[in-house]
Amino acid sequence: MRDCVLNRTLIDRTTNQMISNRAPSDYMAEIRKTPGFPFDTVLASHSLPTGDDSPFWSDDYDAFLAWRQEHLWQEIQR
């Protein structure tokens, strides 16, 4: 159940089809290279980890869930 809540964000159909079954380190790197795209700003607006130590770059799903759980909990408390 934890995965169902923490691993959700709203994205359009085109983006969903583009990422398909690829690893986050693969599709995030591709998106990050898009000229003029405010990558960190967009990720932060979805409560997703940014920066070079983001679990996306190591495809560490458990670390991503832990990060997101803590971040969303902080947002709820705020």
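Remember, it's a predicted structure, so these values are computed and weren't measured experimentally.

Draft legend 1. Highlighting the overall build of the protein. Helix and strand counts for the protein stand at five helices and zero strands. Listing the helices and strands of the protein from first to last along the sequence gives α-α-α-α-α. Over its C-alpha atoms the protein spans a radius of gyration of 13 Å, differing by no more than 12% from the 12 Å that the globule rule assigns to 78 residues. Referenced to the eigenvectors of the C-alpha coordinate spread, the extents of the protein come out at roughly 35 × 25 × 25 Å. A buried classification covers 21% of the 78 residues belonging to the protein.

Draft legend 2. Representation of the environment of Pro55 in the model. The residue Pro55 is located in the loop between α4 (39–45) and α5 (61–77) in this model. Apart from residues no more than four positions distant in its own chain, Pro55 is found in contact with Pro49, Asp60, Ala63 and Phe64.

Draft legend 3. Up close: unusual backbone geometry. Although it is not a glycine, Ser20 sits at a positive phi angle of roughly 40°. Considering the arrangement of structural elements, one finds Ser20 in the loop between α2 (13–19) and α3 (24–32). Although it is not a glycine, Ser47 sits at a positive phi angle of roughly 55°. Tracing the backbone shows Ser47 in the loop between α4 and α5.

Draft legend 4. The packing of aromatic side chains, seen in detail. Applying the stated rule across the entire model yields three aromatic pairs. By way of ring pairs, the aromatic residues Phe56, Tyr61 and Phe64 are connected into one cluster.

Draft legend 5. Highlighting α5. Taking 1.5 Å per residue as the helical rise, α5 with its 17 residues ought to reach 24 Å, and the 24 Å between its terminal C-alpha atoms agrees with that figure. Of the positions making up α5, those classed as buried are Phe64, Leu65 and Arg68. All buried residues of α5 fall inside an arc of 95° around its axis, so they share one side. Opposite its buried face, α5 presents the exposed residues Asp62 and Gln77, each directed more than 90 degrees away.

Draft legend 6. Up close: the pattern of salt bridges. Within this structure, the stated rule accounts for four salt bridges. In this structure, a network of salt bridges that share partners links the residues Arg22, Asp26 and Glu30.

Draft legend 7. Local environment of the side chain of Arg68. Relative to the helices and strands, Arg68 is located in helix α5. Of note is the side chain of Arg68, whose polar atom sits 3.0 Å from the backbone oxygen of His46. Beyond its immediate sequence surroundings of up to four residues, Arg68 is in contact with Leu6, Asn7, Arg8, Thr9, His46, Ser47 and Leu48.

Reading the values: the criteria
Residues numbered from 1 in each chain as written. Predicted model: local features only at pLDDT ≥ 70, side-chain atom pairs only at ≥ 80, totals over all residues. Heavy atoms only, no water. Helix = DSSP H or I, 4+ residues; strand = E, 2+ residues; numbered from the N terminus. Rg over C-alpha atoms; globule rule 2.2 N^0.38 Å. Buried < 20%, exposed > 50% of the residue type's maximum accessible area, 1.4 Å probe, protein only. Contact = heavy atoms within 4.5 Å. Phe/Tyr/Trp six-rings, centres within 6.5 Å; stacked < 30°, edge-to-face > 60°. Expected span 1.5 Å × (residues − 1). Arc of directions from axis to C-beta. Salt bridge = Lys/Arg side-chain N within 4 Å of Asp/Glu carboxyl O. Polar contact = N/O pair within 3.5 Å; in protein donor to acceptor, adjacent residues only side chain to side chain.

Don't take any of this as a statement about function, it's just geometry.
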